[in-house]
Amino acid sequence: MTKKTKDKDKAENQADTGEAERGFGVGAAVGAKAAFAVVAVAVVVGGMYLLRQSVLTSSTRPDEGVVRVRLADPPKWLPSDVADRVVSDIQAAVQGRGVLDDNLTQDVFNAAAGNAWIAKVHRAVRQKDGTILVRADFRRPFAMVAFTPLSPADVRVVDADGVVLPLPPRPANAGDFVKILEITTNPPPAGKKWDSPQLDDALKLLGLIKDKPYISLISPIEINILNARTHLVMYAHAGGGRRTKILFGRFSLDDLDYCVRAAVKIAGLDKVVAANGGRFDGIREIDLRHDEPHIRRY
């Protein structure tokens, strides 16, 4: 082999080696990039998992051991202690349930519907933080009712529909309520409607005068049973320790009943009180059972 041939082969070998080295360098770079991409994806996935765990363990994650209930827009007249008691009673009814329980919202709805203070539940909605928001209508105290089997001091507080409310016999603001006397049927438990046509009539009468300017002067409404029908008598403070007896009578049964209509009776009462300076002073009795009220003075 000539020197020229050897030099040519050596150059070719050097060229082949260089090409091979360059080829290995490109493959290694591609492999390194792929490996880096895999690691990067793993880091991202791991980071997302850790972030999710962090979010779930933060203060916004529902506490599975405690069911939190909140009332949506409770009425202004509802005392805060009563609202707190309602929430407490609802929470107690679902005690031990996890906030992630699929049936929890329905069970809270049912517990609210069975509460003596709630007239109607519109909805119960689970919030993002796990709180169950309850929107409902509440029963408002309307009258105090005394019934004959017990002492007149042992009364029940009812709403306008005659549902007994879970209040003590003599609440702190007892003086704000008109008292209804002489119911002859026993009261039901709190949250149940008092089954009494007599009470229904008395509450109906109270509903007609509840917004009158003289309502604060009237109490009690007394029930008398004559010929198996309910006849109502109201008493009003007349000043000087006296009182005015107001004979309302009964409600008419239908349009053919000869009894004076309730609207006519109340209009007559309004006229008498207005002519007397908005008070009952000096009036012994007002009889509303006629087309025009009859008045007796002291």
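Residues numbered from 1 in each chain as written. Predicted model: local features only at pLDDT ≥ 70, side-chain atom pairs only at ≥ 80, totals over all residues. Heavy atoms only, no water.

J.: Just give me the short version of the overall build of the protein chain, but keep the residues and values in it.
T.: Across its full length, the protein chain holds 5 helices and 11 strands. The buried share among the 298 residues of the protein chain stands at 35%. Residue pairs at least 24 apart in sequence account for 51% of intrachain contacts in the protein chain once pairs closer than 6 positions are excluded. For the protein chain, the exposed surface amounts to about 18000 Å²; the carbon and sulfur share of it is 54%. (Helix = DSSP H or I, 4+ residues; strand = E, 2+ residues; numbered from the N terminus. Buried < 20%, exposed > 50% of the residue type's maximum accessible area, 1.4 Å probe, protein only. Contact = heavy atoms within 4.5 Å. Areas by Shrake-Rupley, 256 points an atom, 1.4 Å probe, with all protein chains shown as cover.)

J.: Now, about the layout of surface pockets: what can you tell me, with residues and values included?
T.: There is about 620 Å³ of room inside the largest pocket. P141, F142, N173, D176 and F177 are the residues nearest the centre of the largest pocket, which is lined by 28 residues in total. Split into classes, the residues belonging to the lining of the largest pocket amount to 17 nonpolar, 5 polar and 6 charged. In this structure, the second largest pocket encloses a volume near 150 Å³. (1 Å grid on protein atoms, 1.4 Å probe; cavity = no way out; pocket = protein on both sides within 12 Å on 5 of 7 lines; lining within 4 Å. Points joined across faces, edges and corners; volume = space filled by probe spheres on them. Nonpolar A, V, L, I, M, F, W, Y, C, P; charged D, E, K, R; others polar.)

J.: I'd like a rundown of helix 2 (residues 80-93), residues and numbers included.
T.: Here helix 2 is 14 residues long and its end C-alpha atoms lie 20 Å apart, about the 20 Å a rise of 1.5 Å per residue gives. All buried positions along helix 2 are accounted for by V82, A83, V86, V87 and I90. End-on view of helix 2: buried residues confined to an arc of 140°, all on one side of the axis. Those residues of helix 2 that are exposed and angled more than 90 degrees off the buried face are S80 and D84. (Expected span 1.5 Å × (residues − 1). Arc of directions from axis to C-beta.)

J.: Quick rundown of the pairing of strand 10 (residues 283-287)? Include the residues and the values.
T.: Burial within strand 10 is extensive, with 4 of its 5 residues counted as buried. Looking at chain direction, strand 9 (residues 242-249) and strand 10 are connected through 3 bridges and run parallel. Its bridge partner being in strand 10, I246 is matched across the sheet by I286. Once you follow strand 9 into helix 5 (residues 262-275) and on to strand 10, the crossover reads as left-handed. Here strand 10 pairs with strand 11 (residues 294-297) via 4 bridges, running antiparallel. Considered in strand 11, the bridge of E285 is made with R296. Linking strand 10 back to strand 11 in an antiparallel pair, the connection comprises 6 residues. (Pairing = 2+ DSSP bridges. Right-handed = clockwise from strand over helix to strand, strands pointing away.)

J.: Residue-level account of the side chain of T105, with values.
T.: Inspection of the secondary structure puts T105 in helix 3 (residues 104-113). If we ignore the near neighbours within four places in the chain, the residues touching T105 are A124, V125, R126 and I132.

J.: Can you break down the environment of I223 residue by residue, with the values?
T.: Mapped onto the elements, I223 comes out in strand 7 (residues 218-226). Along the backbone, I223 and L199 are 24 residues apart, and their C-alpha atoms lie at a distance of 8.3 Å. Those residues within four positions of I223 in sequence are excluded, and the remaining contacts are I180, L181, E182, I183, Q198, L199, A202, T230, H231 and L232.

J.: Give me the lowdown on the sheet that holds strand 11, citing residues and values where you can.
T.: With mixed pairing, the 8 strands of this open sheet are ordered in space as 5-4-6-7-8-9-10-11. Either end of the sheet is taken by a strand with one partner, and the two such strands are strand 5 (155-158) and strand 11. For this sheet the average axis-to-axis angle between neighbouring strands, irrespective of direction, equals 20°. Contacts between helix 4 (residues 197-209) and the sheet are confined to strand 4 (143-147), strand 5, strand 6 (178-183), strand 7, strand 8 (229-239) and strand 9, with strand 7 contributing the most and set at about 145° to the helix. Where helix 5 meets the sheet, its contacts fall on strand 8, strand 9, strand 10 and strand 11, and the angle it forms with strand 9 comes to roughly 155°. (Axes fitted to C-alpha atoms, helices over the stretch in contact; angles between N-to-C directions.)

J.: Requested: an account of the pairing of strand 9, with residues and values cited.
T.: Bridge count for strand 8 against strand 9 is 7 bridges, and the pairing is antiparallel. Of the residues in strand 9, the one forming a bridge with L232 is G249. Hairpin connection from strand 8 to strand 9: 2 residues lie between these consecutive antiparallel strands, with G240 at a positive phi of about 65°.

J.: Residues and numbers for the packing of aromatic side chains, please.
T.: The geometry of an aromatic ring pair comes down to the distance between the two centres and the angle between the two planes. Counted according to the given criterion, the structure contains 3 aromatic pairs. Centre to centre, the rings of F147 and W194 are 5.6 Å apart; their planes meet at 75°, and the pair counts as edge-to-face. With F147 in strand 4 and W194 in the loop between strand 6 and helix 4, the pair connects residues that are 47 residues apart, well separated along the chain. Between the aromatic rings of Y214 and F280, the centroid separation amounts to 5.9 Å while the plane-to-plane angle is 85°, which identifies the pairing as edge-to-face. In this pair, Y214 sits in the loop between helix 4 and strand 7 while F280 sits in the loop between helix 5 and strand 10, placing the two residues 66 residues apart along the sequence. The positively charged end of R243 is found above the aromatic ring belonging to Y235, 3.8 Å away from the centroid. (Phe/Tyr/Trp six-rings, centres within 6.5 Å; stacked < 30°, edge-to-face > 60°. Lys NZ or Arg CZ within 6 Å of the ring centre and 35° of its normal.)

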